[in-house]
Amino acid sequence: PRMPSPESLKIYEILLEHKPTKLDKRPFPIQREEWEKWETSQLFPGNIVITPKLINGIQCELVTSGEMDEDNLMMMLHGGGFVLGACLTHRGLASKLSQACGIPVLLVNYRLAPEYPFPLGLNDVVMVYEHLILSNYQPGQVIFCGDSAGGALVISAMLQLRDSRVPQRKGGILLSPWLDLA
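Notes on the structure follow. Nothing here was measured: the structure is a model prediction, and the numbers come from that model.

1. Topic: helix 3 (residues 28–40)
Counted at 1.5 Å a residue, the expected span for helix 3 with its 13 residues is 18 Å, and the 18 Å between its end C-alpha atoms agrees. By the burial criterion, the buried members of helix 3 are Gln31, Arg32 and Glu39. Down the axis of helix 3, the smallest arc covering the buried residues is 100°, so these residues share one side. Exposed and oriented more than 90 degrees from the buried face of helix 3 are Glu33, Lys37, Trp38 and Thr40.

Here it is, written out as structure tokens:
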């Protein structure tokens, strides 16, 4: 039988140390602040450029890495259980996706619950996409991407856009999506 790698055992130790029951009792603003503080300590490759954008009043960040196919764009929706996460917490993932795909990644800081209940975060995502289509991109040039709760927002946004007959995006990438909220 194979034994777990040392890296796997280290992750297991970290998870045991930070049991979700401990985290669940802390107020969301404290959890958000700690995640963002940890994320700012991470190093990025030197060719990563992060440009703040304000789209229809929604804070976003454009993440690029070196030579890019500027004709296409990945619109990334962060995970965090709809209550955590931000552009800042997902810059690392966005930079890796930008490098791997060779296209810019637009992180969207959609509104979080419980301060902003559903469907306000979804509305933010749809407004950013509609702005992109009305300004500089064709629908076939934009691909959605989301992890965890962001994956659920990708599906929700795609369905809402389809039902409202807005021109469709290129596709969607779901990374461990949280799809069954029952």
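Having seen the structure, we can now continue with the description.
2. As for the nonpolar core
In this structure, Met75, Leu77, Leu106, Val108, Val128, Tyr129 and Phe144 are the most contacted members of the largest nonpolar core, which totals 27 residues. Contributing elements (two or more residues each) for this core: strand 2 (58–65), strand 3 (73–77), strand 4 (105–108), helix 5 (120–135), strand 5 (142–147) and helix 6 (149–163). Here this core gets seven residues from one element, more than from any other, and that element is helix 5. Residues in contact with Val128, not counting those within four places in the same chain, are Ile55, Ile58, Cys60, Met75, Leu106 and Val108.

3. Section: the layout of surface pockets
Here the second largest pocket defines a volume of roughly 190 Å³. Looking at the lining of the second largest pocket residue by residue, the class counts come to four nonpolar, five polar and four charged.

4. Some details on the sheet that holds strand 3
The strand order across the open sheet formed by six strands is 1-2-4-3-5-6, and the pairing between neighbours is mixed. Of all the strands in the sheet, just strand 1 (48–55) and strand 6 (171–175) have a single pairing partner and so form its edges. Strand-to-strand twist in this sheet, taken as the mean axis angle between neighbours without regard to direction, amounts to 25°. Along the sheet, helix 4 (residues 91–101) contacts strand 1, strand 2, strand 3, strand 4, strand 5 and strand 6; its crossing angle with strand 2, the most-contacted strand, is approximately 45°. The strands that helix 5 touches are strand 1, strand 2, strand 3, strand 4 and strand 5; relative to strand 3, the one it contacts most, it runs at about 170°.

5. Structural notes on unusual backbone geometry
Across the junction of Ala113 and Pro114, the peptide omega takes the value 0°, indicating a cis bond. Tracing the backbone shows Pro114 in the loop between strand 4 and helix 5. Going from Phe118 to Pro119, the amide bond is cis rather than trans, its omega being 15°. Here Pro119 lies in the loop between strand 4 and helix 5.

6. Some remarks on helix 4
If you check which residues of helix 4 are buried, you get Gly92, Ala94, Ser95, Leu97 and Ser98. Directly beyond the C-terminal end of helix 4, a positive phi value near 70° is found at Gly102.

7. Some thoughts on a negative patch on the surface
On the surface, Glu67, Asp69, Glu70 and Asp71 cluster together to form a negatively charged patch. Mapped onto the fold, Glu67 is located in the loop between strand 2 and strand 3. Relative accessible area serves as the criterion here: at 77%, Glu67 is assigned to the exposed category.

8. So, the pairing of strand 4
Here strand 4 shows a buried face lined by Val105 and Leu107 and a second buried face lined by Leu106 and Val108. Across four bridges, the pairing between strand 2 and strand 4 is antiparallel. If you follow Val63 over to strand 4, its bridge partner there is Val105. Once the chain exits strand 3 it traverses helix 4 before rejoining the sheet at strand 4, and the crossover so formed is right-handed.

9. What to know about the environment of Phe144
Mapped onto the elements, Phe144 comes out in strand 5. Each C-alpha atom of the pair Phe144 and Glu67 lies 21 Å from the other, and the pair is 77 residues apart in sequence. The contact partners of Phe144, leaving out residues within four places of it in the chain, are Met75, Tyr129, Val154, Ala157, Met158, Leu161, Arg169, Gly171, Gly172 and Ile173.

10. Here we look at the environment of Gly46
Relative to the helices and strands, Gly46 is located in the loop between helix 3 and strand 1. Classification of Gly46 by relative accessible area gives exposed; the value is 83%.

What counts, and at which threshold
Residues numbered from 1 in each chain as written. Predicted model: local features only at pLDDT ≥ 70, side-chain atom pairs only at ≥ 80, totals over all residues. Heavy atoms only, no water. Helix = DSSP H or I, 4+ residues; strand = E, 2+ residues; numbered from the N terminus. Expected span 1.5 Å × (residues − 1). Buried < 20%, exposed > 50% of the residue type's maximum accessible area, 1.4 Å probe, protein only. Arc of directions from axis to C-beta. Core = buried A, V, L, I, M, F, W, Y, C linked by side-chain atoms within 4.5 Å. Contact = heavy atoms within 4.5 Å. 1 Å grid on protein atoms, 1.4 Å probe; cavity = no way out; pocket = protein on both sides within 12 Å on 5 of 7 lines; lining within 4 Å. Points joined across faces, edges and corners; volume = space filled by probe spheres on them. Nonpolar A, V, L, I, M, F, W, Y, C, P; charged D, E, K, R; others polar. Pairing = 2+ DSSP bridges. Axes fitted to C-alpha atoms, helices over the stretch in contact; angles between N-to-C directions. Patch = residues over 30% accessible without salt bridge, like charges linked within 9 Å, V, L, I, M, F, W, Y side chains within 5 Å. Areas by Shrake-Rupley, 256 points an atom, 1.4 Å probe, with all protein chains shown as cover. Salt bridge = Lys/Arg side-chain N within 4 Å of Asp/Glu carboxyl O. Lys, Arg positive; Asp, Glu negative; His and termini not counted. Charge placed at Lys NZ, Arg CZ, Asp CG, Glu CD. Right-handed = clockwise from strand over helix to strand, strands pointing away.

Bear in mind that shape data such as this cannot, by itself, settle questions of function.
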